[in-house]
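# A structural walkthrough
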Amino acid sequence: MYEDVLYYAVDYGLSQGAVYVEARYHRHRGSEIVVRNGAVVGAGMMSKEGIGVRIVYGGALAFSSTTDLTREGVRKAVDKAVSLARSSKPLVKWVHALSEERVGKSKYEVLVKEDFENVHLEDKVKVLVSAWNELPKVLREAKLASLFEEYVEVVEEKTLVSSDGAHVESKTPRVFYWANMVLTHPQRGTLQRFIELGGSGGYEVFRSWRIRDYLAEEARNIEPVLLKGIEPPREPIDVVVGSEVVGLIVHESAGHPMEADRIWGREAAQAGESYVKPEMIGRERIGNQNATVIDDPTIPGSCGFYLYDDEGVPARPRYIYYKGLINEPLHNRWSAAVFGTSSNAAARAMDFASEPLVRMANTYLEPGDRTFEELIEDVELGVYVKSYMEWNIDDIRWGQRYVGLESYMIRKGELAEPVLYPALEFTTKSFYSSIVAKGKDLRFYAATCGKGEPAQGVPVWAGGPDVRLRRMRVGVAPK
Amino acid sequence: MKEFVLELAKRSVERGVGLGFDDVVAKVVSNEKSMVKVANSQLTVAQSWRAVNLELYLTRGKRIVLVGAPVKGKEDVERIFSRIEDYIKSVSESEMYAPLPEPSGKPLEGLVDPKIIDSMYRSPELIAEVVSAAHGEGAEKAAGTLTLDVERKALATSTGAEFYEEGTSIEVYLRAFYKDSTGHWAYGSRILDMSALKEVGRRAAYYARLVTNVVDVPPGRYDVVLSPLVVGNLMELVASTASAFAVLAGFSMFMKFKRGDVVASEKFSLIDDPLQKSLPGSTGFDDEGVATSTKPIIKEGRFENLLHNSKTAAVMKTESTGNAGLIMPHPWNVVIPAGDFSEEEMIRDVKDGLLITNNWYTRLQNYVEGIFSTVTRDAVYRVSNGEVVGVVRRLRIADTLTNLLKNVVGLSKSVYDVRWWEVGTPSKVPYVLVRNVNITKPTV
């Protein structure tokens, strides 16, 4: 769409002296429903549509965007980018360039089985409301204090053209669901569970989640934690981490520190730097043979799905850590030029008003060969952390903390009583060096990954198998 | 531009009323914005944006529909309305519906600094001054951003509001590097004040260089001095959970409290202040056209006010506080009144503790109980017997918000206008001394 305007922007930018021009028409159209305690709060329709222009001019990189989709509108956007690039001179100490790549000329679309527009709004509302009615039936002593739900469907469409020949059109529908569940008990206080689901595709994806049953199982499983959860033992114990937590860990401690722009320092004042230094890539180990982490944009149905990135480079899986080796950072064409290598198609822009940054897509720990029973069968005393609420990691992606929500003691090889708020606090190296066994089931979880200034949130999947770690000390969150 | 955005808002309301909607709110916002970003003391990207967006609120028979879309003119308004007729028929009645209130707002004047408008495409030169100030204070390199914004906001409602407000803002933050240490500072205001900008560079470098010998701190409970950046981050969280919608949605520590309950030290007050004109959140009317006002969320330790729009107020049987958000009320500006400590006295008062100058990644295990942790970044200093004795590498505050608020023992006389990546709500806050804060770090 708007191809003539996009090519005009490229030609006009070149005529003004830019050595590279990229113009991206980018539209999000969607709708949302907000439900609280089984009653609709409201519904909404949203649309974001515009053109983003990025140029390399006089050694500077500049970006400008506009919602005016006429030639006049993009001409002004290019003029502003040129103007900013010109006044950037005092701080441009080296010439910005993008790596040479074979960029694509392509058009692709995520096909849906059930178009969002063919499902009546009332049917979608029924699904959301049903959870509120169902949950009290599965709770024994606790009460459901609050259930907040949000459903979002959105279709993302892009047309990217650039002065070095890229022309990529794409259409990706996605659906998301968020829920915040608060259980309460007069003597035991409250317990909170936040759920995020997402994928690319049509309404069939939402249907497949079976929301009512999903929430009922969550409520059934976390109620005992509120009612009977004990503190974890203070001595070092074996730890089994569920795939939901593993996905988060690899996103935070493998994906983020291996973003090449972060390694160089481009995000130093925002999301931070990285423990990884350029000289460590391909040389140093961060873990054992079990530590293989892959980021793959091409997984069908995933939140982070794409076939060409926002610089026109064809997507492929990236082996971030390979058998413990710090292996392959994520690159866009800017960072690839800085590092003297090639892009591996990690450039993503949140919307038309965003510059393409180095981003993850779908990051996961390579699975192993154990069943869950085999993972825990010889654990004499341990803790199993299946899900989480609180987490964070420092700005070089080294020291991190995950506080368990649904968690259990493991006694003599079997799951035992629930545990309240076990806190795992370890370094990146200690985690990847501590994996002693991995489950064979690979599961993915949806998330919105934040980075950049202005902050850009992009949809991703994070996943992995359940893993067993060697003994460590487990803390507890303050109450 | 004033006429353009106001006409679009009025036209949207006329169209909505003409189509038989019960309540109509149209907010049209035009932003012209530029930003420069530096890293390793080099400019990495210069950006600019220009956008006009319409936010539309429509009700019919207690059904609520919100629409957000970019607009270029009346034809876009027509196109939006052509899609809504069918859509709203299938929306269920809202449990939170309340009729729009009568407009009582009055646009604020004096929110524009012409220097910001004039400098819109000179932002690279401005940040060069900030970086230079950091180098002048001894920094080896620096990273940060500087953003300039001109916002023109028009609001029209079916109850008769026709308001227009124009404001500028600047946000600048810098991280200064010295050997293995870093310091960070930030400034957010409606006014381009070159001395404040240079102070960002100087103070960031000062904290990067204060002391450089690394000392170890075992996990435990310590007295801590929190810088305005840390206070801004944590109190933005507290203020946002004072939104009545957050209470209704299960995202608030205030679910457990009623007005008058002690939730903090009596030395501590937390105010939502939309009338503080120097802060970029200042405005004279909310998104329903209601007059904004200065109000304490916490007053001298006691919980005083939730933040309401007409809908949350109806659910909780109270009055709007002028904090709409058409669905979710929100704070405009966070203000914490100054105390009586000088910054030096605050440090001298700490026998065994820490000065934490910056943090990020604040996450909660449980909003209702306020169980949270946040990671320190940049300089953390060990304080022993009132002296800064060493720099500490990354730690974590892991505690509850109520513990933190109740253990406040002192606030600085000086307050700072801060806004940056981790403090989104404009804030005017002091340094705060808190006793007995739980500090953790990796055990393996």
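Residues numbered from 1 in each chain as written. Chains lettered and ligands numbered in written order. Predicted model: local features only at pLDDT ≥ 70, side-chain atom pairs only at ≥ 80, totals over all residues. Heavy atoms only, no water.

The helix and strand inventory of chain A stands at 10 helices and 25 strands. On C-alpha atoms alone, chain A measures out to a radius of gyration of 24 Å, which is about the 23 Å that the 2.2 N^0.38 rule sets for 479 residues. Once the C-alpha set of chain A is aligned to its principal axes, its extents read approximately 70 × 55 × 35 Å. Relative to its full complement of 479 residues, chain A shows a buried share of 67%. Sequence-distant contacts, at least 24 apart, represent 74% of the contacts inside chain A between residues at least 6 apart. Per element, the accessible surface of chain A, about 16,300 Å² overall, is 49% carbon and sulfur. Separation of charge centres in chain A, based on 60 positive and 68 negative side chains, amounts to 2 Å. (Helix = DSSP H or I, 4+ residues; strand = E, 2+ residues; numbered from the N terminus. Rg over C-alpha atoms; globule rule 2.2 N^0.38 Å. Buried < 20%, exposed > 50% of the residue type's maximum accessible area, 1.4 Å probe, protein only. Contact = heavy atoms within 4.5 Å. Areas by Shrake-Rupley, 256 points an atom, 1.4 Å probe, with all protein chains shown as cover. Lys, Arg positive; Asp, Glu negative; His and termini not counted. Charge placed at Lys NZ, Arg CZ, Asp CG, Glu CD.)

The next subject is the domain arrangement of chain B. Residue and element names in this part refer to chain B. For chain B, the assigned domains are domain 1 (2-207) and domain 2 (210-328 + 338-440). The straight-line distance from the C-alpha centre of domain 1 to that of domain 2 is 24 Å. Counting residues at the interface gives 49 residues for domain 1 and 49 residues for domain 2. Taking both partners together, domain 1 and domain 2 bury about 3,900 Å²; carbon and sulfur atoms supply 60% of that area. Summed over the shared surface of domain 1 and domain 2, the result is four salt bridges. A salt bridge links Arg203 to Glu343, with the shortest nitrogen-to-oxygen separation between them at 3.5 Å. Applying the counting rule to domain 1 against domain 2 returns 25 residue pairs in polar contact (both at pLDDT 80 or more). Residue assignment for the side of domain 1 that touches domain 2 shows that the elements contributing at least two residues are β1 (23-39), β2 (42-60), β3 (63-70), β4 (141-157), β5 (162-178), β6 (181-189) and α5 (194-209). For the side of domain 1 that touches domain 2, the class distribution of residues is 26 nonpolar, 11 polar and 12 charged. (Domains from an automatic or database assignment. Buried area = accessible area lost by both parts, 1.4 Å probe. Salt bridge = Lys/Arg side-chain N within 4 Å of Asp/Glu carboxyl O. Polar contact = N/O pair within 3.5 Å; in protein donor to acceptor, adjacent residues only side chain to side chain. Nonpolar A, V, L, I, M, F, W, Y, C, P; charged D, E, K, R; others polar.)

On to the nonpolar core. Residues Met235 and Phe254 of chain B are the most contacted members of the largest nonpolar core, which totals 156 residues. In this structure Met235 of chain B touches Phe268, Leu270, Val334, Ile336, Leu404 and Leu405 of chain B, once residues within four positions along its chain are discounted. Judged by nonpolar contacts, the second largest core, of 74 residues, contains Leu215 of chain A together with Ala9, Val71 and Ile371 of chain B. (Core = buried A, V, L, I, M, F, W, Y, C linked by side-chain atoms within 4.5 Å.)

Tallying the contact residues gives 87 residues for chain B and 90 residues for chain A. Summed over both partners, the interface of chain B with chain A comes to about 7,600 Å²; 54% of that surface belongs to carbon and sulfur atoms. Lys80 of chain A is the salt-bridge partner of Glu32 of chain B, the closest N and O atoms lying 3.7 Å from each other. Between chain B and chain A we count 54 residue pairs in polar contact (both at pLDDT 80 or more) in total. Here the side of chain B that touches chain A gets 11 residues from one element, more than from any other, and that element is β2 of chain B. Taken together, the residues of the side of chain B that touches chain A break down into 45 nonpolar, 23 polar and 19 charged.

Turning next to the pairing of strand β17 (residues 399-404) of chain A. All names here are of chain A. Of all six residues in β17, six are buried, a share of seventy percent or more. Burial along β17 is two-sided: Gly399, Arg401 and Val403 facing one way and Gln400, Tyr402 and Gly404 facing the other are all buried. In terms of strand pairing, strand β16 (residues 388-393) meets β17 through four bridges, oriented antiparallel. By the bridge assignment for β17, Ile393 is matched with Gln400. (Pairing = 2+ DSSP bridges.)

On to the domain arrangement of chain A. Many authors give the size of an interface as the accessible area that is lost as the parts come together. Residues and elements named next belong to chain A. Per the domain assignment, the segments making up chain A are domain 1 (3-228) and domain 2 (237-476). Once you take the C-alpha centre of each, domain 1 and domain 2 turn out to be 21 Å apart. At the junction of the two partners, domain 1 supplies 51 residues and domain 2 supplies 50 residues. Of the roughly 3,900 Å² buried between domain 1 and domain 2 on both sides combined, carbon and sulfur atoms contribute 56%. Viewed at the interface, domain 2 and domain 1 are joined by five salt bridges. Close ionic contact of Asp351 with Lys48 constitutes a salt bridge, the shortest N to O distance being 3.1 Å.

Before going further, it helps to spend a moment on the sheet that holds strand β10 (residues 318-322) of chain A. All names here are of chain A. Ordered by their spatial adjacency, six strands build an open sheet running β11-β10-β9-β14-β23-β22, and the pairing between neighbours is mixed. Edge positions in the sheet fall to β11 (325-326) and β22 (443-451), since each has one partner strand and no second. Bridge count between strand β9 (residues 293-295) and β10: three bridges; the pairing is antiparallel. Following the sheet pairing, Asp295 is matched in β10 by Arg318.

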